[in-house]
Every structure is written in structure tokens, then in C-alpha cells.
Number of protein chains: 2
Amino acid sequence: MTENTEKRAAWIWYPGDYEAWLFCKCMAQRRERDVLITPFWRMDSHYVSVKFYCNFTLEEPDEITVKVDGDFNIFIEGMGYVKNFDGKLRLPAGSYEMQILVTNVPELPCVYVCGEQLKSGSDTFRVTCQDHVFLPAAQGDFFDIDASPNKRVKKTRELAPVSTEQIGSGTLYDFGKEISAYLELRGMKAGAKCKIYYGESREEALDTEHSEQTDCVFSCGEESAATAVTKAFRWAYVPQADAFKELIALEEVFETENKGRFSSSDKLLEKIYDVSVYTLGMCKKEFFLDGAKRDRWAWSGDAYQSYLVNYYTFCDSDAVKRTIRALKGKEPIKTHINHIMDYTMYWVLSLFDYYLFTGDKEFLAEMFDGAEGYVKFLLSRTNADGFLHGYPEDWVFIDWAAIDNRGETSFEQILFAVTLIRFAFICEELGKDGSFYAKKSEELLKRTLEVFWVDGRFVHRRENGVLDLAVTRYANMFAVLFDLLDEEKRNSVIEKVMLNDDVQKITTPYMQFYEQATLAKIGMHENVLSGMKAYWGGMLGEGATTFWEAYDPSETGAEKYAMYNRPYGKSLCHAWGANPVYLIFNCLLGIRPREVGYKTFLCEPQLNVLPDFDCAAPVGKGTLYLKYDGKIFTARAEKCSGYVKIPDGFVPEAETGGRTAKFGQKDGKYFLDEAEKITFVKREGEYVF
Amino acid sequence: MTENTEKRAAWIWYPGDYEAWLFCKCMAQRRERDVLITPFWRMDSHYVSVKFYCNFTLEEPDEITVKVDGDFNIFIEGMGYVKNFDGKLRLPAGSYEMQILVTNVPELPCVYVCGEQLKSGSDTFRVTCQDHVFLPAAQGDFFDIDASPNKRVKKTRELAPVSTEQIGSGTLYDFGKEISAYLELRGMKAGAKCKIYYGESREEALDTEHSEQTDCVFSCGEESAATAVTKAFRWAYVPQADAFKELIALEEVFETENKGRFSSSDKLLEKIYDVSVYTLGMCKKEFFLDGAKRDRWAWSGDAYQSYLVNYYTFCDSDAVKRTIRALKGKEPIKTHINHIMDYTMYWVLSLFDYYLFTGDKEFLAEMFDGAEGYVKFLLSRTNADGFLHGYPEDWVFIDWAAIDNRGETSFEQILFAVTLIRFAFICEELGKDGSFYAKKSEELLKRTLEVFWVDGRFVHRRENGVLDLAVTRYANMFAVLFDLLDEEKRNSVIEKVMLNDDVQKITTPYMQFYEQATLAKIGMHENVLSGMKAYWGGMLGEGATTFWEAYDPSETGAEKYAMYNRPYGKSLCHAWGANPVYLIFNCLLGIRPREVGYKTFLCEPQLNVLPDFDCAAPVGKGTLYLKYDGKIFTARAEKCSGYVKIPDGFVPEAETGGRTAKFGQKDGKYFLDEAEKITFVKREGEYVF
């Protein structure tokens, strides 16, 4: 939402219904060759019949335009139904109670009302799905009477291939990097029919038997023909190159710009950042999707990480809210979100984080019933020991790895303990009593330690009362990351799991994320930097222009593109590949909300670990600019304020100019007020890197 | 469903979803002049994404046609997704597990599968809305691959007006009786635009300012133009008669035929029967609607009576099930059905009756969760005294009358006691323990008697602990009708309420129904016959061709058409006007199920009350033919059997021929076996009428 919405009439709808309706639409974008694949979880579309209410007073006569998507009527208290309605209400001065009842099965029921004195918006209209609950109507960025949410179209721009190559009778087009685009074939011969094979890798595009994405374009008498659905690809191969003159991509335009920035003379690190941002941009469409080629679905656990990266890049709160709302679905809650037990919990955590980063209590309140519903659903599925365990229909995911998740896993209990305590916090923030959930969390953690803590670390699982002594990183690192252990246990986990190469390695960026964040948590920032450069740098070394769903450095050749028993099954542009942005900004630059909604920030840059850098981080409604040349570090706050904590070995520069004289040290941290600058200089010889 | 469905491939869908989708569509037929009015209760449409499952074995290779409404894919276990699908699966002999995932927001997701060996149907496919619950797929009367449920069209036939009359510059068309129809204007002048004013009464059609239904038909270059939505009317007035040559009605065809029959030399009684059947036929469209002109909505309490009449006429179980399913809606239950407290209870009672008349336990099981949900919802809304009372958002209807329903009404408690005991019966029939509900019923009745029973009858209500001593018929007659009172109390109610003209009279056929049925219950069959002839006969005297929503004999002139503060607001073709059919067949001919599903019938004709008659009653899958000429009574059973109980004064005829010798008397009743006939003769002089 833009800031001056109160002055413009907006299309309005039932809260959550735009998301529900759009979700159903967008989840139908996944294709495997010509096969359309929609999700295997229940999708709830919009309420088909909703009623809008508005009480308003006209100081003088007004002519009010009303436009509605759907069958509708207008009722004015005391006047009855408006008959012979011609699109405009002409009303004398006075006070009115108006109702607009809209019924629309195929599309989103929505309304636009615009007079001189009355304009539709969340502040003026309430709405009900006719269950006796009345909510403020929802609105978004739809202010044009002729462009309702139902008429939403993707924005695109033309993009020519960077190179073409004749291969057999066909042509291979290379767009230089992965893009999401329609393809348009121009100058087609009449009646021509062209097959297109897409590739995230060159190999995939040319392997026409196995490429995951294909299209078939017909010329129906017209000179040019375009594909119906965008595809994600770098390469496109068209075997019948003589059937048309030119191939052009209509590339989807990123809807929001990166509000962050990071550059460094360490070009590998800079590239990891750039490619991460680009990868997330490719996967952030109407919702935060898992991958650009596949699945093009919103998965709660994947989205959880995307939100975190988003807070340091696009700051697209609307997209976060859209995704959270859509994943929530409607009542009744009958299954886990995405059918995955862990993903229900990440959904609750994502709500916590959204609030932490934005301070948007209104959304927290909007989602509260859903969140409580899911937490109760989780509690309803614990066993006599209080442990979560997979029901036959549940998917206990944790990670793509050779792990056995049958029975009770320590990871799910740890994640649930975190979920419960964070939900208790949400309760308290909304003025509700969260102690029940806090106590549940405490009990669960206690029981988890009693059962799964063996020989100084968590074992992975128990089944039918029998412990499996296999150890994995998951529960252990989460317990450290979310501060659930005392110092002794924490150190034990660090030694016996985190730094133990015998424990199975993680091969997805998804869990690499938590592992690196945990290393940062325990102060091993060097390892984060080197680990990130090795892992994500490794993908760049393979020619990646976007980061992958999974990466195992030991795989060579086309083997690295295979997954799910398909030679090109792996997504090479996967949202969870983008998380180095978070690792850099949150874990190494140490920028995070110190108080809810960035009322104040905290910035703890690891200057003894990081190379030189020049960066900007979105912080609330402002920006924090950081610059470091290896010797001098400067932080400048614009429309934000907070605390900077600098490593030993740095001292405030005496002569920094501007208003920097004002800052002072509190609790070992320097307070940086709005529009201030602070500079530190490395004390030569005192710190050896 | 026809009987040989197992041999034909049928369109299949998620159970209840055809009804949900169709309901949303049909509830948008109500119009007040040009204003479209959809219901003010929550409507739930179909699940937008459902997956069908089928395990099948082909003895030999088969070519299987698959047609789907919606986006879809086909997955075969071991073979994966079917690629390059061209409408047919060509499969070798073998065993298969097939899944068809269908996503369709605007329309009903449905599937048609037809091979030589595999045909889609409830018996072959299961389906889930992806909530881990798998149900047999639902099917109906859709066997044509090119005519899916989404392509359903109304059947019509041409009907010319019976007379026309020039009035001013316009023409008034009279169709002789009320019909539901589109109007087509033929031979229209190019660019002509004709307004149409409809009337259930002549007055309404000519009162162009106030007629409830209007249309405006444009000629878009074509010679003829038709209205978009059917209207219910007898008269149509077109002011601009020179703009076209001919007006013709396209009358909706009743979808099912009357399986009953009733004739008599008492022509008034015969006409009451005929007009009743016609009235119900007019209101039985895709669902049992309240009225043909208005509201054209399914109201649970209205439908409850229609179902009962239906069991003696159209026997359209599919329409009953469609209406019950649609009214149930989807989870979560947040409001009363139609927002009316009584109507939630009638919904449960209608399920009981449907089972009683049809013996369809499968449907009982299908609806069980919903029924239990509503009963629990009702229980959740009782107060500390265990009484139901209207929440601010509830509508406590009872009847259209000058009654005060605030606080706790005795009627709602009595209706709830009946609901609880009948739901307990439903539980037991399904092998579940119903004792909890039976006990609740008993307790509620006890408390109701303690509080509302004053001076030998129920007073109407209590508010804030203070009894209102006003007495109405409702609770009193229901308590008698549903056998809740001991003999002393019953007699007291008869004397102090039923036969007491000081108690406010009933002016709707709706509650007349229960009153007449109660009179029959207490043996006052003469009063039922005379009351029916006076009340419904009164409407016929007013020229009614269909029975009305309300009728007060004291009203004269156009006053009788007014309701809801509108001069023609009253519906003159209202389903609840049709209930004389039930009064004749159930209460006077005494035909009803003696055992569930008419395993045996009971027939207790009031031969000392009724005039001569010749009739047929649908009884289970058979028919019971009754004939009486004032002296000789004959009953003949075709494909059914049961008991005939004859009044004193009649004796079995010695010479009846056929197989009648076989019948014998049991428990004071004569058993009539399948294909038997039984004849009784009135003993002259022994009984004086």
C-alpha cells in the first residue's frame, strides 16, 4: 500500500480473499513438459457472497460512482434497494447507511466506490462473509476503476537473447542468465507449429527428451505467437528454426526494487550477494515461491527464509502478507500447511519475524485466530509424551537428505518448543495471556532433553519407545540458534555436532542457512564467511546465474542437475538459495531489529572478519549505510536510529564532522541517532586478522 | 439416479460440490424489479481443487476416454504423469492406480472416464478435497460426455398466452395460470427496447410502478429477443405493444412427474389437491424453493414441508438430497441455517423424515457429521437453564404473525426437544450411541414444562427470567403433534388452545399445516377436512391458480396481495401452500411408513370423514391404490405391502376375488401383501356420519 491511499478510492474485498483467489490462480503455473501440476493440499478460494457496509455523511450532495465485480445490489437504509442503477448514486447531503451485497463464484467479489466525499477503502467500509463477523474491508494497490484485482496482468519487458547458436536444424537461444518470461515468435510462417525446449542449463535445453519445460506455439494466421505461461530458463532451443524470423522474450518485471545494496572489493562475496538478490527476485512473484522453474508453489518453510531475506532487500511486506495469508487458508484446519508438519511451525515463526521486522500489529491481530488454530492443531497431534510425531498422512520433511524421520524426531520437538514460545510472545503482544503456551514450550523442551539428549547432543529420533542413536545436525543446531540450551549443553553441541565432520553434512542451501546462522550465533563468523564462499561460491564456479535448490560439490557433469529421479529435476533458481543476503546482513554485518519494528536497530559488524564493503540496509522506514575500507568504518543512519557495537580494536574517530559529536556509548554500544554518522578507526597493530 | 447407472460412465465430482456450486448459481435468481437479490447467509461453493482416485484392472487392452472440466493432470502409479494427453488413455491389460487432479475455481471440477472396461461412477472412483479424507465420488444424472454438470440448461417448452387484452398502447397477456418462464418477443423492430411488467395478479401486472418483477428486452439486430432469467407470473403487460409481433412464453418444464393421483366427486377437494401439486411443482426447481416469484431461495423450514409433500407426489429424492446438502453448507458452522434458529432444527428433522420415507441410510451417513455439527452448535447456544434463546444475530422466526419472540420461547424448546430425540434416533440407526442426545431431549422437555407450562398450556415466552403469559398455538400444537405430552396435558392443550378461538389464529399455510396435522393427530379429521376446504378453498375462491404465502380471509381487494410493506410483496405461488397434499394423504388417507423406508406401509383412511375418492400414493418403490365410492373401499398394493386399518362400520367383502382371501387381521389391522387387493363394505345403518 502506498502512503496516500486515504485520498484515493480503492478496490476493496473481504480480508484474505484476494490472496485466496490469486493463490489458486498462481498455484496453477507449474508445469512438467505439457503436464499442469497444481498443489496436493487443500486450496480455499474466496467467499462467493460478501456484503460491504458503509456509514457516511455527505456535507453536500454528491455523485458517487459504484463499480462491482460480480452480481450485486445496493441497499440504503431507509431508502431500500437502489433501482435502475446506472453506475452512479446521486445523493443529497445527509447521513447514510449503505450495504453492497456482491456474489461472484468465478472471480473475487470486489467493489469500487468513488464520490467527492466518499471513497472506498479499509477505513470507510466493513465487510462480512455473512457469518455475523464484520471486518474492515481489505484493499491493496488497486486504485483504477478499470483495473480491478480480477483484471491484474503481469508486467513484462522485451528482452533479446544475448547469443544464438545453430544446432542441427534448430537454434539455441541464450539469454545470458536465468529469466522468467514468455517467448514470442515473430514472423511466423502461416500454419507453423513450433516446439520450444527450455533449459536452466544448456544441457537441459538440448536434451529435448528430458527437458522439464516445453512449449508448443501455433501460428493462427497471425504473424507472431507467444507462449501462454511464463517459464524460467536461460536457454531455449527451437528445433524448427526456419518457421519464424525472430524469437524474443517478454520478461516478467520484478515488482519491487532492492532497497539494500552491498559491494566489496571481494568480488566473490559481492557476486554471491548479487546473485542471491536476483534469485529471490526471480522467485518472488505474486507470492514467495520456492523456485522459478519448479515448483512455482508457495511452501511455508521455504517462504520463511525468503521473508527473512526480503527484510534486507525488497522489503515487500505486501508479498509477505499475501503469502502468509494464502498459506493459512480457511477454516477448518484439517491438515498441516503444505501437509508438512515442520511447515505449519515455520508459518507461526514467520508471523513472529514479520512482526519483529515491521512492527505491524494489525496484521498480527488479523492472523491471530489462524495462528492459534494451527498451534492448537499441533497440540492436538502430540502423543502421551507430549511429542509431535508424523501421522500417516503427514509429511515430516526437515530437509532433503538421507534421514529417517519416522516416529518422534528431536528436530520437530525443538521446532515446536520454539514455535510455542514465540506464539506465547505473539499472544502477549496482542494483550492476551500467552502463559499456557510458554509453559507448554518449557515442558516440551524438558521432555525433549530427557528423551533425546544422549551423550552430550540430541539423537535424531525415537520410534515405538526405542531411541535411534543416529545423530544429525538439525535439532542440535536449532537448539543453539534459538537459545534453548544452557552453556554447558551448548558447548557440547558445538563440539560434538557443529564442529564434528563425522555428522552427516548438509547439502541444501535450505539447511545451510540455519547452519551458518548457528555458526554466527556461536561467534564463528570466519566460518560463516568461508563456508558461504565455499558453498555458494561453488555454485558460481559451476556457472550458476541463480542459486540452486541443492548443491553437492562432489557431483560433477550433468549429474548436478538431477533430482527426484529426473535428469533436470533440480531447480537451479531456488528461493532458499538466496539466503547469503541474510547471512551477510544479519549474521556478519549484524544488522537486526533491537526492538520490534526497528524502533531501534542493532548493528554489530564483524569488522575483523569481513573484507572492505560499502552497503545500505533497509531498516524500518529508513536506511542504514555502512562503509568499511579495511581501516575506517562509518555508519550513517537515515530515518532510523539504533545501536552500533564495534569489535575491540576500533576507536571512534576524533574528527568525524557533522553531528557525530552527539553520540555516546551506552551498555558497550554506541547510540546512533537519526540522520547521524559515526566513524571508527582500526587501531593499527592491536588486532591481528 | 436411474437404475442402470452402473453400466454407463457418469460425470463425477466431490460429494456435495455439485449442490454447493449449483446452489450459488440458483440463489442468484431472485429479483425485485431490476435489483438482483442473493441470500444474506454465507454460501459455500465447491472445493476448487480435488483429486480423484481409481484402482482398476484391465483384462485386455482398453482405450479410455477422459474428459475433465478444469485444469487437470492424470497420474498413473509406476508410470508417472501422462504426457501429451490427447483425450484418450491407451493402456495394456494390467492393474492400475490412477489419480486425476482437477483444479477449477469458476466451475465445478468434474471428470468423465469411459473405456470398455472402466467407467467413472461412485462405485469406481474415490475423491478427496486434499484434506486426507477419501470419499466415494458423487454422481448424478449426467451420462453424456458433452453435457457435464457445468453445461446444465433448463428445459423449456413454448406456451402461448390464453388471452390478450389491449390496454392503452400496451398489451396484457394472460397465461391462464401461474407459470415459470422466459418470455420471447418475436418479430421485433430493429433497435426496439420493450419493458415487461409481470404479475401474479392482474393488478400487479398493470401497476407498472409497483409490479415486483420487470424485464427490459432489447432487439440487437435480431428478430427475436428473450428474457435472461425465468420469472413466475400469470400476467405480463408490455406497454409498447407495437414494437414486436408476438409474445411467447418458454415455460420451464417440471423435471419430475407426480407419482400420486387424487380425484373425487368433491371437486373443491380435488382442486385443492391439483393446485397443491402444481404449486409444489412450480417451486421445485434445482432445489426446493420457497416461492416461484419470491424469494426463489431454499429456506430450510419451508423446504421441510415441501419434502413431506414430495414424498406423496414427485418422490424426487435427488432434489431432497440436493436441498439438504446445499443447506448444510460447509464447515465451519458459524450461524444457523438461513440464519434462523428454528430452521437449523427443521434441517435435522428433514433428515429424519427423508430416512423414514426412503430408508436411504447411505445419505444419512453422508450427512451425519453435518447433523451432529448443527446439533452441537444448538447445544452450544443454550443458556444456563438449558434453553435456546435468540442471539442478537439469530432470527427466531416461528411464523409470520404478530408474535414477540424475544428471550426464550417455548416453541424453540419444544422443537429442540423433538430435534434431539430424532437425532438420537439417527445416531442409533447408524450404529452410534444416541443416548446423550436422548437424555438432553428429556431434560429439556422437563425444564420446558417446569418453566413454560402455566394453567394447563404453554405460554409463549420468557425474557430475563420473567414469564410473558401470552399464549400462542405453536409450542402447544407441536407438543401434541410430536407426542411429547401425557394424556392429561394433551387434553388440556386441546381444550385450552387447539379448540380455543381466543388464541391468536394462524394466517400462513406454513403453520396451518402443523395445526391441521395436529387436529388429525387428536382424531379431529372432520375439522382437518373442513378447515382445509375453508382455508385453501378460500384462496381458490379468490381465483388462485397456485397457493399463497399467506392468506387472511378477512382481507379484501388488492390488500390481499400486499406483504412486507409492498403492494405485491406477497408470493402467490408458495411451496408451503402445497401442503394439503400431505394433509390428504398422510392425515386423512392415513398413508405413511410403518417401518423405515416403507418396508411396510400403514394406511388408515378416514372413510367416515372423506368423500368418495380414487387415488394412488407412491409407497417406497411401489404404489398403493385406494378407491372409495362412499360404500365400497378397495386398497390395492403394487410393489409394496403393509397394513390397512379400517374404521368401525366397515367389513371385509366376502367376495373380492383375486388373492384377497390370503389377507388376515393382525393387531386390529389387515395385512395387505404385495400385488394384493382388499375390499371393505360399509355396514349400512351402523355408522352415522
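The structure contained in this document is the topic of the report that follows. It should be emphasised that the depicted structure is a prediction, and the values quoted were computed from it without experimental measurement. (Residues numbered from 1 in each chain as written. Chains lettered and ligands numbered in written order. Predicted model: local features only at pLDDT ≥ 70, side-chain atom pairs only at ≥ 80, totals over all residues. Heavy atoms only, no water.)

Considering the side chain of Arg30(A)
Residue and element names in this part refer to chain A.
Here is step 1 of the chain: Looking at the element boundaries, arginine 30 is found in the loop between helix H1 (17–26) and strand S2 (31–32).
Here is step 2 of the chain: Reaching out from arginine 30, the side chain makes a polar contact with the side chain of aspartate 295 at a distance of 3.2 Å.
Here is step 3 of the chain: Apart from the residues within four sequence positions on either side, arginine 30 is in contact with Val35, Leu36, Ile37, Arg294, Asp295, Arg296 and Trp297. (Helix = DSSP H or I, 4+ residues; strand = E, 2+ residues; numbered from the N terminus. Polar contact = N/O pair within 3.5 Å; in protein donor to acceptor, adjacent residues only side chain to side chain. Contact = heavy atoms within 4.5 Å.)

Structural notes on the sheet that holds strand S7 (residues 80–81) of chain A
Residue and element names in this part refer to chain A.
Here is step 1 of the chain: Ordered by their spatial adjacency, six strands build an open sheet running S7-S6-S9-S4-S11-S12, and the pairing between neighbours is antiparallel. Unpaired on one side and paired on the other, S7 and strand S12 (135–136) mark the two borders of the sheet.
Here is step 2 of the chain: Looking at chain direction, strand S6 (residues 71–76) and S7 are connected through two bridges and run antiparallel. The residue of S7 that forms the bridge with isoleucine 76 is glycine 80. (Pairing = 2+ DSSP bridges.)

A closer look at the interface of chain B and chain A
Here is step 1 of the chain: Across the boundary between the two partners, chain B contributes 43 residues, which contact 43 residues of chain A.
Here is step 2 of the chain: Taken over both partners, the interface formed by chain B and chain A buries close to 3,700 Å², and the fraction arising from carbon and sulfur atoms is 61%.
Here is step 3 of the chain: Between the two partners, chain B and chain A, sit four salt bridges.
Here is step 4 of the chain: The closest approach of N and O atoms between Glu32(A) and Lys83(B), which form a salt bridge, is 3.8 Å.
Here is step 5 of the chain: Linking chain B with chain A are 18 residue pairs in polar contact (both at pLDDT 80 or more), by the criterion used here.
Here is step 6 of the chain: At the level of secondary structure, the elements contributing two or more residues to the side of chain B that touches chain A comprise helix H1 (17–26), strand S3 (35–36), strand S4 (49–58), strand S6 (71–76) and strand S9 (94–103) of chain B.
Here is step 7 of the chain: Element by element, the count of residues in the side of chain B that touches chain A is highest for S6(B), at three residues. (Buried area = accessible area lost by both parts, 1.4 Å probe. Salt bridge = Lys/Arg side-chain N within 4 Å of Asp/Glu carboxyl O.)

A look at the packing of helix H8 (residues 410–429) of chain A against helix H10 (residues 473–481) of chain A
All names here are of chain A.
Here is step 1 of the chain: Taken N-terminus to C-terminus, the directions of H8 and H10 make an angle of 20°; their axes are 8 Å apart at the nearest point. With respect to their mutual orientation, H8 and H10 come out roughly parallel. Judged by the twist between their axes, the crossing of H8 over H10 is left-handed. Where H8 abuts H10, its residues Ser410, Phe411, Ile414 and Leu415 lie against Tyr474, Ala475, Phe478 and Ala479.
Here is step 2 of the chain: Considering only residue class, the contact of H8 with H10 consists of seven nonpolar, one polar and no charged. (Axes fitted to C-alpha atoms, helices over the stretch in contact; angles between N-to-C directions. Parallel < 35°, antiparallel > 145°, perpendicular 65-115°, else oblique. Left-handed = near helix turned anticlockwise from the far one by under 90°. Nonpolar A, V, L, I, M, F, W, Y, C, P; charged D, E, K, R; others polar.)

Here's the deal with the packing of aromatic side chains
Aromatic ring pairs are reported here in terms of the distance separating the ring centres and the angle at which the planes meet.
Here is step 1 of the chain: Counted by the stated rule, this structure contains 141 aromatic pairs over all chains.
Here is step 2 of the chain: For the ring pair Tyr343(B) and Phe397(B), a centre distance of 5.9 Å and an interplane angle of 90° mean the geometry is edge-to-face. Taken together, the positions of Tyr343(B) in helix H6 (residues 341–358) and Phe397(B) in the loop between helix H7 (361–380) and strand S23 (408–409) put the pair 54 residues apart, joining distant regions of the chain.
Here is step 3 of the chain: In this arrangement the basic side chain of Lys284(A) is found over the ring face of Phe314(A), its NZ or CZ atom lying 5.5 Å from the centre. (Phe/Tyr/Trp six-rings, centres within 6.5 Å; stacked < 30°, edge-to-face > 60°. Lys NZ or Arg CZ within 6 Å of the ring centre and 35° of its normal.)

Some points on the environment of Leu672(B)
Here is step 1 of the chain: Residue position: Leu672(B) is located in strand S36 (residues 669–672).
Here is step 2 of the chain: Between the alpha carbons of Leu672(B) and Met563(B) there is a distance of 49 Å; along the sequence they are 109 residues apart.

Regarding the relation of the copies chain B and chain A
Here is step 1 of the chain: The transformation that overlays chain B on chain A combines an axial shift of 0.0 Å with a rotation of 180°, and the residual RMSD is 0.0 Å. Taken together, the rotation angle and the small translation identify this as a two-fold axis. If distances are taken from each C-alpha of chain B to the rotation axis, the shortest is found for Pro106(B), at 1.8 Å.
Here is step 2 of the chain: Take the interface residues of chain B: 100% of them recur as interface residues in chain A, which is what a same-surface contact looks like. (Least-squares fit on C-alpha atoms with pLDDT ≥ 70 in both.)

A short note on the packing of H10(A) against helix H11 (residues 487–498) of chain A
Residue and element names in this part refer to chain A.
Here is step 1 of the chain: At a minimum axis distance of 10 Å, the contact between H10 and H11 shows a crossing angle of 145°. Between H10 and H11 the crossing geometry is left-handed. On H11, the residues that touch Arg473, Asn476, Met477 and Val480 of H10 are Arg490, Val493, Val497 and Met498.
Here is step 2 of the chain: Partitioned by chemical class, the residues of the contact of H10 with H11 number five nonpolar, one polar and two charged.

What to know about helix H7 (residues 361–380) of chain A
Residue and element names in this part refer to chain A.
Here is step 1 of the chain: Spanning 20 residues, H7 covers 27 Å between terminal C-alpha atoms, matching the ideal 28 Å at 1.5 Å per step.
Here is step 2 of the chain: Buried residues of H7: Phe363, Leu364, Met367, Phe368, Gly370, Ala371, Glu372, Tyr374, Val375, Phe377, Leu378 and Leu379, and no others.
Here is step 3 of the chain: Tucked inside the fold, the buried residues of H7 contact helix H5 (317–328), helix H6 (341–358), H8 and helix H9 (435–452).
Here is step 4 of the chain: Two to three positions downstream of the cap, the backbone nitrogen of glutamate 362 sits 3.2 Å from a side-chain oxygen, assigning the N-cap of H7 to aspartate 360. (Expected span 1.5 Å × (residues − 1). Buried < 20%, exposed > 50% of the residue type's maximum accessible area, 1.4 Å probe, protein only.)

Quick notes on the pairing of strand S32 (residues 632–638) of chain B
Residue and element names in this part refer to chain B.
Here is step 1 of the chain: The sheet contact formed by strand S31 (residues 622–628) and S32 spans six bridges and is antiparallel. Across the sheet, leucine 624 pairs through a bridge with alanine 637, a residue of S32.
Here is step 2 of the chain: Linking two consecutive strands that pair antiparallel, namely S31 and S32, is a turn of three residues; a positive phi of about 100° is found at glycine 630 within it.
Here is step 3 of the chain: Note that S32 and strand S37 (residues 677–682) share five bridges and pair antiparallel. When the sheet's bridge partners are listed, phenylalanine 633 is paired in S37 with phenylalanine 680.

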